[in-house]
Structure formats: structure tokens, C-alpha cells
Amino acid sequence: MTASATSELPGRAALLARLTRTHRVEHGLLALSIGAVGVPILDDNFLQRQPGMSSRDHLAGGLVQLALAAIAGTAATSGRLRTGTRATFALALGFLGALGGIEAVYYASAGGMSGDDYSGALSLLGGVLLLGLGVAMLWRTRHTHDRAWWRYLRRSLITLGVLAAIAVVLLPTTIAYTVTHTLRAEVPTAHLGAEPENVFFTTSDGLRLEGWFVRSRNGATVVVSPGRSGPQKQARMLIRHGYGVLLFDRRGEGASEGDPNAFGWVGDRDLRAAATYLRTRKDVDPERIGGIGFSVGGEMLIHTAAHSHAFRSIVTEGASGQSLRDGRANNGMLNAILGDGPVTLATALFSSTLPPPSLKSEVAKISSTAAFFVFGEKGQNGSEVQPNKSFYAVAGDPKEIWEVPGGQHIAGITTRPQEYERRVVAFFDRTLLDK
């Protein structure tokens, strides 16, 4: 052995020792981070559930999430996989962990952290650490000694792949997690022009929903949906004209029990329960109950009217679609898959709920409920126009439709206030007051 070779041995041994220590530290941090992500998934789905929910309600989605986390965690710590592959799985699991922290951040900002929100904060910490470890692992495996043209081509392809993954997977998954884990947490102040009565009722699946009731002066009552915050202006309008109103926090919102779902996939249960409650009151005429809904509230009303006689008439404003099924009915399969498909799949995973039938198919089932379809000319970049025209085409009589000129999404009452009031009140007068 030459003198130079002998002198290199201590340096190589030191390098090997340093790499071994780095690997052990990295492996330990990965294991801790994976636990910080996995435990909150278990907590969110099975241990600290929302009020009124049982572990069975999240069985399918929770088990799938745990399985995906276990696969990613095993791969990230596997000694048989290349570092780049391990890093990819670490980044995927880190994204899932950061996603689990959305609920904690949201309710912390609203001043109402509780239950699994605290484990969500742990998930966020573990997710950020995994993202950092994944980036560090990728940085160590970068190629710098190959030809420049191939290096930059490879990096360009990787960048395009990352952008595609963000658009097709990460962004839709983030949207789905947000709409199934966050809704308004506080009960707003009532500005209805009349003192409301605090009421509550129970849905067919056992959830307690809380709301406000203002007694009718003209003999008819209208359920205003969704929630107790957004629709107060329209509720005041109806109260001025003598109508009774019921506003309530939908499931997972405000003071009501249940899991949030801003897409309203099972919201028809809430509306049927609201109508059933009104029929138990001696100060409500059961033959003069209507509904008005905005955006998802209108979509929930369509499902309710398609499968019950809960309402004599309904006004839907800004209804368009809730899932892949609506995208397919409105725009064709290809556009639906590219647009609504990933969000629908992720929403089903996080809620353990299948999407409802398409709104168009539901409108065709409405048989004894008068329907008034209102939509803005510019609502959701014009995407409300075609669905509402198709709703009107398949709806049975009596029916009405109004495109608010220049209107944005659910902005009819502010865009054309006098005409909006005249049209909506006249519709309810004809369908609820005239016999």
C-alpha cells in the first residue's frame, strides 16, 4: 500500500462515520415525524370526533388515510429504496401532515380550538419537518456531473411533473380537506328586524341543529339556507313582508353538531329536519312552508324537493354543482374528470360519504314543489348560466327562472335589489299564500 493511500484511510473512515450519523439522525427524525402525522389521523377519525358523530361515520375514509400514511411512512424509512424515492414519499406524507394542520390553524384563528385541533397542530409540525427532510434528501441526491443539456432537461421535466401534481392532486386535496373540516365556528349576531326565538331540532341521523325562528304574520314560513350568517339580508326582506323565517346552523357549523361539508353532500337531511320541525309548531301552517337557498343552500333544497314533500315551493339562487356528477351532467365527462374529479374523490375520502346525484337529475324528480331558479349573468365566471337553464328545462310546472343582469354569485339582492325583492316575494305570494 502506498503512503498516499494509507493517508486517505482515516479521511474515508471519518466520512463514513459522518454519513452513518447523518443517516441515523435522519431516520430518527423521519420516524418521529411520521408518528406526529399518523396519530392525528387516528385522533381525527376515531378518537376525538365532532359532536354527534361516531367512529363508524369515518370508518372507510379513516382506514384509507391510515393505510396511505403507513405506506408512505414505510417507504420513506426503507433502506431498500433509493434516496430520491424515499424523499418523494417523505414529501407526500409531509403534505398530508401539513394538510392535517389546516383545521387547527382555522379554529385557532377563530378562537375556538378543541379536541382533535390540538393533535392537528402536532400534525402540522410533523408535516413541516417531513417536508424539510424530503427537500434535504433530494438536495443530496442531485446530479451535477452529467452533461448540462441532460441535467437541465431532466430538471425541467421534474418541474413540470411537480406542477402537474400540484394542479391535479395537491390543490384539489387541499380544497377537499378544507371544505370537510372547517365551517363557521361562532354563532353570529341576529340582524333580522325582529327578535328571533332560539330553537333546535334533530336530523334523521341524530344530529342536533340549532337556529332562529321568527313567527309569521301572513300565515307562511320560509326556511332560509345555508347557515345563520350569510342569508340574513334575504331573511329580513321576507320578514318585512310578513313571512316567518327559520335560519339554522347546518351540520358542523356554529352551534350545530356533525361534520362540516361545505359542498352540502348530505345537507338535504338538515332541510328535511327543519321542515319536519316547523310542522310540529302550532304557529306554522304545514301547507305553507317554502325554502330559499343560496349557492350550496339552493343545491341542498333541490335534493330535498326531489325526495320529499317538505316544501311547497323553493327558490334556488346560484346553484350549479357539487361534484363530478354535476360536472359530467353540465360539461361532459372529460371536463368533469379534469375539473371536479380529484376534488370529488378527495372529499369522499375525507368525509366517508359518496357524492349526491347530479342536480339536473334531481330537478327532473321534483313533482309537487314549485321552483324558481335565480342566477347571476356573471356568477362564478358565467358558469351558473348553463346549469340553471338546464334545470329549468327539465323541471316540471310550476317553475320560473331569472338571470340577474350583470349579477355575480348570489348577489341578486345587491345587484338589482328592487327587482329581486319584487320577483322573490311575488313568487312566494303566489305559491304559499294563494290557495
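Quick note: structure is the one above.
Residues numbered from 1 in each chain as written. Predicted model: local features only at pLDDT ≥ 70, side-chain atom pairs only at ≥ 80, totals over all residues. Heavy atoms only, no water.

### A closer look at the overall build of the protein
Counted only if it meets this: Helix and strand labels come from DSSP, where a helix needs a run of H or I of at least four residues and a strand needs a run of E of at least two; each type is numbered from the N terminus. Areas reported as accessible are Shrake-Rupley estimates using a 1.4 Å probe. Residue values count occlusion only from the protein chains shown. Neither His nor the chain termini are counted; the positive set is Lys and Arg, and the negative set is Asp and Glu. Charged side chains are reduced to one point each, which is NZ for Lys, CZ for Arg, CG for Asp and CD for Glu.
When helices and strands are tallied, the protein shows 16 helices and eight strands. Oriented by its inertia axes, the alpha-carbon framework of the protein measures out at about 110 × 45 × 30 Å. Accessible surface, the protein as shown: approximately 20700 Å² in total, 61% of it carbon and sulfur. Counting 44 positive and 37 negative side-chain charges, the protein places the averaged centre of each group 8 Å from the other.

### Structural notes on the sheet that holds strand β5 (residues 289-294)
Strand pairs in the sheet, formed through backbone hydrogen bonds, run parallel or antiparallel to each other. Heads up, the condition is: In this description, strands pair whenever DSSP reports at least two bridges between them. For helices, the axis comes from a line fit to the C-alpha atoms of the stretch in contact; other axes are also lines fit to C-alpha atoms, and the angle between any two N-to-C directions lies between 0 and 180 degrees. Contacts are residue-level and defined by heavy atoms, with any inter-residue pair within 4.5 Å sufficient.
Strand order in the open sheet formed by eight strands is β1-β2-β4-β3-β5-β6-β7-β8, and the pairing between neighbours is mixed. Of all strands in the sheet, those bounded by a partner on one side alone are β1 (197-202) and β8 (399-404). Shown here is a sheet whose adjacent strand axes are inclined to one another by a mean of 20 degrees, direction ignored. For β5 and strand β6 (residues 313-317), the ladder comprises five bridges, and the chain directions are parallel. Across the sheet, residue Phe 294 finds its bridge partner in β6, namely Glu 317. Across the face of the sheet, helix α7 (residues 232-240) comes into contact with β2 (208-214), β3 (221-225), β4 (244-248) and β5 while running at roughly 160 degrees to β4. Lying over the sheet, helix α9 (residues 296-307) contacts β3, β5 and β6, oriented at roughly 140 degrees with respect to β5.

### Quick notes on the packing of aromatic side chains
Rules: Pairing of aromatic rings covers Phe, Tyr and the six-membered ring of Trp, with a centre-to-centre limit of 6.5 Å; geometry is then stacked below 30 degrees between planes, edge-to-face above 60, and tilted otherwise. Each residue's exposure class comes from its accessible area (1.4 Å probe, protein chains only) as a fraction of the maximum for that residue type: buried when under 20%, exposed when over 50%, partly exposed otherwise. A ring is scored as having a charge over it whenever the NZ atom of a lysine or the CZ atom of an arginine sits within 6 Å of its centre and within 35 degrees of its normal.
Applying the stated rule across the entire model yields nine aromatic pairs. Ring plane angle 45 degrees and centroid distance 6.4 Å describe the contact between Trp 402 and Tyr 420, whose orientation is recorded as tilted. A residue pair is termed long-range when its members are at least 10 positions apart, and Trp 402 in strand β8 and Tyr 420 in helix α16 (residues 417-433) qualify at 18 residues. Note on Trp 402: relative accessible area 5%, which makes it buried. Tyr 420 sits in the buried class, given a relative accessible area of 0%. Arg 208 extends its terminal NZ or CZ atom over the ring of Phe 200, reaching a point 3.7 Å from the ring centre. The ring of Trp 212 is capped by Arg 228, whose NZ or CZ atom sits 4.9 Å from the centre of that ring.

### Remarks on the packing of helix α8 (residues 267-279) against α9
Counted only if it meets this: Should an angle fall under 35 degrees it is called roughly parallel, over 145 degrees roughly antiparallel, and 65 to 115 degrees roughly perpendicular, with every other angle called oblique. Left-handed describes a crossing whose near helix is turned anticlockwise from the far helix by less than a right angle; the clockwise case is right-handed. All amino acids are sorted into three groups, where Ala, Val, Leu, Ile, Met, Phe, Trp, Tyr, Cys and Pro are nonpolar, Asp, Glu, Lys and Arg are charged, and the leftover types, Gly among them, are polar.
Two elements in contact, α8 and α9, have axes whose closest approach is 8 Å; the angle formed by their N-to-C orientations is 70 degrees. Considering their axes alone, α8 and α9 lie roughly perpendicular with respect to each other. The hand of the α8/α9 crossing is right-handed. Contacts from Gly 267, Asp 268, Leu 271 and Arg 272 of α8 reach α9 at Gly 297, Met 300, Leu 301, His 303, Thr 304 and His 307. Its residues assigned to classes, the contact of α8 with α9 shows three nonpolar, five polar and two charged.

### Points about a nonpolar patch on the surface
Selection rule: Residues enter patches when their relative accessible area tops 30% and they take part in no salt bridge; the joining distance is 9 Å for like charges and 5 Å for the nonpolar side chains Val, Leu, Ile, Met, Phe, Trp and Tyr. Each reported salt bridge corresponds to a side-chain nitrogen of Lys or Arg within 4 Å of a carboxyl oxygen of Asp or Glu.
On the surface, Trp 149, Trp 150, Leu 153, Leu 157, Ile 158, Leu 160, Val 162, Leu 163, Ile 166, Leu 171 and Ile 175 cluster together into a nonpolar patch covering about 1100 Å² of accessible area. Relative to the helices and strands, Trp 149 is located in helix α6 (residues 148-181). Its relative accessible area of 57% is what places Trp 149 among the exposed residues.

### Let's talk about the pattern of salt bridges
Under the criterion given, the structure shown has 19 salt bridges. A salt bridge links Asp 270 to Arg 251; the shortest N-O distance between them is 2.8 Å. Highlighted residues: Asp 270 in helix α8 and Arg 251 in the loop between β4 and α8, separated in sequence by 19 residues. Each member of the pair, Asp 270 together with Arg 251, is buried. Where Arg 288 meets Asp 285, a salt bridge forms, and the shortest distance between an N and an O atom there is 3.1 Å. What makes Asp 285 partly exposed here is its relative accessible area of 24%. Through salt bridges with shared partners, one network takes in Arg 184, Arg 228, Asp 249, Arg 250 and Glu 253.

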